[in-house]
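Remarks on the overall topology
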Amino acid sequence: MASILIQITSGPNEPTKAALGFLICKTGLEEGHEVNLFLAGDAVLLIKEGILENLTGLGTGRLLEYYEKIIAAGVIINLSKMSCDARGISDEYILDKPLKKCKPTDLLGFALSSDKVLAF
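Description of the structure in this document. Nothing here was measured: the structure is a model prediction, and the numbers come from that model. (Residues numbered from 1 in each chain as written. Predicted model: local features only at pLDDT ≥ 70, side-chain atom pairs only at ≥ 80, totals over all residues. Heavy atoms only, no water.)

**Observations regarding the environment of Glu31**
- Relative to the helices and strands, Glu31 resides in the loop between helix 1 (15-30) and strand 2 (34-39).
- Sequence separation of Glu31 and Leu99 is 68 residues, and the distance between their C-alpha atoms is 23 Å. (Helix = DSSP H or I, 4+ residues; strand = E, 2+ residues; numbered from the N terminus.)

**Some remarks on unusual backbone geometry**
- The backbone of Asp96 shows a phi angle near 65°, a positive value even though the residue is not glycine.
- Note that Asp96 resides in the loop between helix 5 (91-94) and strand 6 (99-102).

**A look at the nonpolar core**
- In this structure, Ile8, Phe22, Leu37, Leu39 and Leu79 are the most contacted members of the largest nonpolar core, which totals 29 residues.
- Mapped by element, the contributors of at least two residues to this core are strand 1 (3-8), helix 1, strand 2, helix 3 (63-72) and strand 5 (77-80).
- With 5 residues, the top contributor of residues to this core is helix 3.
- Apart from residues no more than four positions distant in its own chain, Leu37 is found in contact with Ile6, Ile8, Phe22, Cys25, Ile70, Ile76, Ile77 and Asn78.
- Core analysis: the next-biggest nonpolar cluster, separate from the first, contains 5 residues, Leu5, Phe38, Ala40 and Cys102 among them. (Core = buried A, V, L, I, M, F, W, Y, C linked by side-chain atoms within 4.5 Å. Buried < 20%, exposed > 50% of the residue type's maximum accessible area, 1.4 Å probe, protein only. Contact = heavy atoms within 4.5 Å.)

**Some words on the pattern of salt bridges**
- Inspection of the entire model under this criterion finds 6 salt bridges.
- The salt bridge involving Glu65 is made with Lys69; its shortest N-O contact spans 3.7 Å. A residue pair is termed a helical-turn pair when its members lie 3 or 4 positions apart in one helix, as Glu65 and Lys69 do in helix 3 at 4 residues.
- Sharing partners across several salt bridges, the network here consists of Lys81, Asp85, Asp91 and Lys101. (Salt bridge = Lys/Arg side-chain N within 4 Å of Asp/Glu carboxyl O.)

**Some points on the side chain of Lys101**
- Mapped onto the elements of the fold, Lys101 is located in strand 6.
- A distance of 2.8 Å separates a polar atom in the side chain of Lys101 from the backbone oxygen of Ile89.
- Only 2.9 Å separates the side chain of Lys101 from the side chain of Asp91, close enough to count as a polar contact.
- Once residues lying within four places of it in the same chain are set aside, the contact partners of Lys101 are Leu79, Lys81, Cys84, Asp85, Ile89, Ser90, Asp91 and Ile94. (Polar contact = N/O pair within 3.5 Å; in protein donor to acceptor, adjacent residues only side chain to side chain.)

Function-wise, these values are silent; they only describe arrangement.
Below is the structure:
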């Protein structure tokens, strides 16, 4: 099986593309692959209450459904710390959630250690 990094930069204003990234992550996990998920830019907004529960992509499905399956598989979703800081997502907001703020060097490390990198 492969090691895959999925990076999503599409946020709530691009619901189809954002949901597709989560769908591919869920699918990769179901197929037995090791998957890292990294949200950057406006994609960090996808984990906010209200957006997570209501975002649906045209033909790509409900974000919440994929998020729940990804979390159930034990994946910790990596968030760009710089993107979170710029968009007001505090450390307290992600506390007790399967989310982790990361630096650019972490993203580079994920990419270099992955067999494949997909971006949405």
